[in-house]
Every structure is written in C-alpha cells, then in structure tokens.
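Inside the fold
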Amino acid sequence: MKIHYLGTAAAEGIPAIFCACPICTKARAKGEKNNRTRTQIIIDETIIIDFPPDSLIHAQRHSINFLDCKAIFVTHSHQDHWYPDDLLFRKPPYSWGAENPLQIFGNRAVKEKLDLLALHKDTDLSLSIKMEYIHPFTTIEIGEYHVTPLLATHDNREQCYIYMIEKEERRFLYAHDTGQFPEITNQFIKGIYFDAISMDCTMGSSKDGKNHMGIVDNHELRKNLQRIGCLDNKTQIIISHFSHNGGLLHEELQDSVKKDGYIVAYDGMVIEC
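Residues numbered from 1 in each chain as written. Predicted model: local features only at pLDDT ≥ 70, side-chain atom pairs only at ≥ 80, totals over all residues. Heavy atoms only, no water.

Section: unusual backbone geometry
The step from Ile14 to Pro15 runs through a cis peptide bond, and the omega angle for that step is -10°. Tracing the backbone through its elements, the reader meets Pro15 in the loop between strand E1 (2-7) and helix H1 (22-30). With an omega of 5°, the peptide bond between Pro92 and Pro93 qualifies as cis. By the element assignment, Pro93 lies in the loop between strand E4 (71-73) and strand E5 (102-106). The phi torsion at Glu32 lies on the positive side, around 50°, for a residue other than glycine. Counting through the fold element by element, Glu32 comes out in the loop between H1 and strand E2 (40-43). A positive phi is found at Ser63, a non-glycine position, where the angle reads about 55°. As for its placement among the helices and strands, Ser63 is situated in the loop between helix H2 (55-61) and E4. (Helix = DSSP H or I, 4+ residues; strand = E, 2+ residues; numbered from the N terminus.)

A look at helix H6 (residues 250-257)
Those residues of H6 not exposed but buried are His250, Leu253 and Val257. The buried side chains of H6 occupy one side of the element, clustering within an arc of 60° when seen end-on. Those residues of H6 hidden inside the fold are in contact with helix H5 (215-227), strand E12 (236-240) and strand E13 (263-264). (Buried < 20%, exposed > 50% of the residue type's maximum accessible area, 1.4 Å probe, protein only. Arc of directions from axis to C-beta. Contact = heavy atoms within 4.5 Å.)

Focus: the layout of surface pockets
A volume near 460 Å³ is recorded for the largest pocket. Lining the largest pocket are 17 residues, and of these Phe66, Leu67, Asp86, Phe89 and Arg90 sit closest to its centre. Element by element, the count of residues in the lining of the largest pocket is highest for H2, at three residues. Its residues placed into classes, the lining of the largest pocket shows twelve nonpolar, three polar and two charged. Put simply, the second largest pocket is a space of about 210 Å³. Forming the walls of the second largest pocket are Leu67, Asp68, Cys69, Lys70, Arg90, Gly97, Ala98, Glu99, Asn100, Pro101, Leu102 and Gln103. (1 Å grid on protein atoms, 1.4 Å probe; cavity = no way out; pocket = protein on both sides within 12 Å on 5 of 7 lines; lining within 4 Å. Points joined across faces, edges and corners; volume = space filled by probe spheres on them. Nonpolar A, V, L, I, M, F, W, Y, C, P; charged D, E, K, R; others polar.)

Side note on H5
Over its 13 residues, H5 extends 18 Å from the first C-alpha to the last, a length consistent with the 18 Å expected when each residue adds 1.5 Å. Those residues of H5 not exposed but buried are Ile215, Asp217, Asn218, Leu221, Asn224 and Leu225. Those residues of H5 that are buried lie in contact with helix H4 (183-189), strand E11 (196-200), E12 and H6. Positioned one or two residues after H5, Gly229 has a phi angle of 80°, which is positive. (Expected span 1.5 Å × (residues − 1).)

Looking at the pairing of E12
With four of five residues buried, E12 is to be regarded as a mostly interior element. The sheet contact formed by E11 and E12 spans five bridges and is parallel. Paired with Ala196 across the bridge in E12 is Gln236. After leaving E11, the chain enters H5 and then returns to the sheet as E12, a path that is right-handed. (Pairing = 2+ DSSP bridges. Right-handed = clockwise from strand over helix to strand, strands pointing away.)

Structure follows, in structure tokens:
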C-alpha cells in the first residue's frame, strides 16, 4: 500500500490561522515541513481517510482527482475530520464524469451531519454520494481492500473510529484522534500483526492519553501493542496529527523520537506499507 499524507495537523493547522505563539511564529518563518494542513491520508489514490476543510487544497497541491477515489472512511464528525459541505460539488454543474456515487462510511454522527446538510440545502445527494453507517469491528470490502473500524478513545458523545486497512498480506493501522485504546479494541486486535501504524501525536511533548496522545503516550501505546502481539521492530511507526500546542517544530519532533525509530509525518509524505 502507498500511504500518502495529505495533511498532518490538528484542527487549527500549523501555523494556526489566528496565532502568534512561538511555534506558529517560527513555523511561518521556516515554512516547508512546518506548514501543516488538517489531517487526511489517501491510500493508493483509492481509499481516503477523513474529509477535512483542506481537501480541496490537498487535491490541488498533490494533483489528485478525488473523482477517481472509491471510498471515504471518516473517523468522527469533528469539523477538521468531516467537512461535508464540499461534497455538494460532486454533481453537475460543479462536477462532470462521475459514473457512480462516492461511497462514504462513518458513525451515526457523521451520517447525521451529512443528512442535515442535504436537508438545509434542500438538495438530493443520492446520485452522487452513498453514505453508510458502519458498526465498529465490522469489516467493509472495497475491491481488494478490507477496512475495519475500531473504537477510539476520544469524544464520548459519539462512536469515534480508528481504522485497520488490509490489502493482500499487508496491514496498516490508522490511529488518529484517540488516546490509549479502549480494552474492547485491544482485545479485537490482539495477535493481529501490523506492518505500519500511524499514531496520533497531537500533544507533542505533552502527555494526554485520554482524548489524544503525545510522544510519551505513543511510547505507552507501542509497548502495549508489542505486548499483545501487534508489532515488532520491523513495524513502521508514524506519528502525525500535530498541534502547535504540542510545542515542537518538525525538526524538534524528529530529534525527540530519533532514538525510537518513529517517522514524523509531514504534508505530502509518502510511505510504502
């Protein structure tokens, strides 16, 4: 699997739009990998995870036509992960060439947000979008891909998901916007080996573990996943979803985790799993 990190920031982006903190000030001056849009990935230009307000700039910046994608899997309904307004443009006169509705999968809150948007705009999206609520731990097949939503530890007002993506003999765990995994998720993945794991690192140098993670939490999660047989020293561990409140620039993040072998994601980064 080719995993393309289109955006790697938390809700406010880096540098944040209305911020003069030291991290944002330095990020504006340094640019390059310190400029981060809101988190989104695309796998083999086929499977998208999350649909933030920056999806348009991601498509433009990386020369991707989202019309070619088969499905979007949404982790939860927060705006930086689910901005359905742009989906209104997936039909004429804004869009031409769509042969089938785009499949979208998410929790009930994600579906309700889309339904309310369609109601408010008095528009029928059924010919351009097919939205389906998926139950946790129930695998969805999209061509050669098997995608399984697992429960995250995040907003207790909704079922927030992380995703296990499988293709042939390769397996990738996408674990953003979560603290330490709930026990039900640990039990489900026990003994399942992952070739690559992408971990939330919103808090950077700080610790959380309840809604997000920082580097210390990442260490704890790696130790737990190793204990239950999910990874070894060949597993690629990527950290992403950074906030300026984490207090570290890109190169500082790299220095902080160099000895641990983590890969620090940046906008545009591609890894092979």
